[in-house]
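# Chain and residue survey
Chain residues, written in single-letter form:
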Amino acid sequence: MSDRTYAIIGGSSGIGFALAQALVARGDRVLIGARSTGKLEAAIERLGTGAIGRAVDTTDRASIAKFFAADEQQLSGLFISAASYRTGAFRDGDPETSEALFAAKFWSQHWTVFEALPYLHTDAGVVLMSGAASARPIGAPAYAACNSAVEGLARGLAIELAPIRVNCLSPGTTDSELWHDRPEEQRESAYDLWGRLCVVQRPAHVLEQAHAALFLLDNGNMTGSTLFCDGGYTFR
């Protein structure tokens, strides 16, 4: 499995960066993409010579196409975790938490796979990312629907793109930079609630999510599946 190249959209932090570290550590190369050039540069410095990075805006198809076409790198796998969005109540009628949410999380993954397709090996693995709200929503119905749509996209792509494998990682609350950048009171409240809602009684570690993504990339018998790495949240 060594000496392959993987593209990771959202690879400068969080789950994407942890996955990049795991791939580089075993001898693979990674191409990471993110909006922030500053974060990209810092990530590449930490990852070393096995990594290169390019800025990409996943809400802009031209930007996505440019990301993959820069050197026409042939890819053994693709992981997409980058998304910036807001959630909200249905009764608010806010397009930012409904239509824009789909643009940021669903259509960005849809078009990223489309633009990557010419560069994927025939035995490549693709991993999309949804979220546990697909199976167990707590409010924010558009967010729940969007996550379900991503999982449906993975199943449909697994059929149409075979023998390329397409799966979906559905994480629960994860102790990552996303939460570390928020006020401590908000973060601790969310972690406490999650601990009471899931079986393992704590948020996931970033490495646990990265290992789940790596399993989906590597396992040649996995396709069209959604892996819930959520500490038992979805069945409790």
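Read on for a plain summary of the structure. (Residues numbered from 1 in each chain as written. Predicted model: local features only at pLDDT ≥ 70, side-chain atom pairs only at ≥ 80, totals over all residues. Heavy atoms only, no water.)

## Here's the deal with the environment of Phe-79
So the rule is basically this: Only DSSP runs of H or I reaching four residues or more are called helices, and only runs of E reaching two or more are called strands; each is numbered from the N terminus. Buried, partly exposed and exposed residues are distinguished by accessible area as a fraction of the type maximum, computed with a 1.4 Å probe on protein chains only: under 20%, between the cut-offs, and over 50%, respectively. The contact definition used throughout considers only heavy atoms, calling two residues in contact when any of these lie within 4.5 Å.
In this fold, Phe-79 is placed in strand β4 (residues 75–80). The buried category is assigned to Phe-79, whose relative accessible area is 1%. C-alpha separation for the pair Phe-79 and Ile-8, spaced 71 residues apart in sequence, amounts to 4.8 Å. In this structure Phe-79 touches Ala-7, Ile-8, Ile-9, Ile-15, Gly-16, Leu-19, Val-127, Met-129, Leu-169 and Ala-213, once residues within four positions along its chain are discounted.

## Side note on helix α5 (residues 141–160)
Quick note on the threshold: A helix is expected to span 1.5 Å for every residue after the first.
Compared with the 28 Å implied by 1.5 Å per residue over 20 residues, the 28 Å span of α5 between its first and last C-alpha is a close match. Within α5 the residues assigned to the buried category are Ala-142, Tyr-143, Ala-144, Cys-146, Asn-147, Val-150, Glu-151, Leu-153, Ala-154, Leu-157 and Ala-158. Those residues of α5 that are buried lie in contact with α4 (99–116), β5 (120–129), β6 (165–171) and β9 (226–229).

## Thoughts on the nonpolar core
Quick reminder of the rule: Grouping buried Ala, Val, Leu, Ile, Met, Phe, Trp, Tyr and Cys residues that are joined through side-chain atoms within 4.5 Å yields what is termed a nonpolar core.
Residues Phe-68, Leu-78, Val-113, Leu-120, Val-126, Leu-128 and Val-166 are the most contacted members of the largest nonpolar core, which totals 33 residues. If you list the elements that add at least two residues to this core, you get β1 (5–9), α3 (61–69), β4, α4, β5, α5 and β6. No other element matches the eight residues that α5 contributes to this core. Those residues within four positions of Leu-78 in sequence are excluded, and the remaining contacts are Ala-7, Ile-9, Phe-68, Thr-112, Val-113, Ala-116, Leu-120, Gly-125, Val-126, Val-127 and Leu-217.

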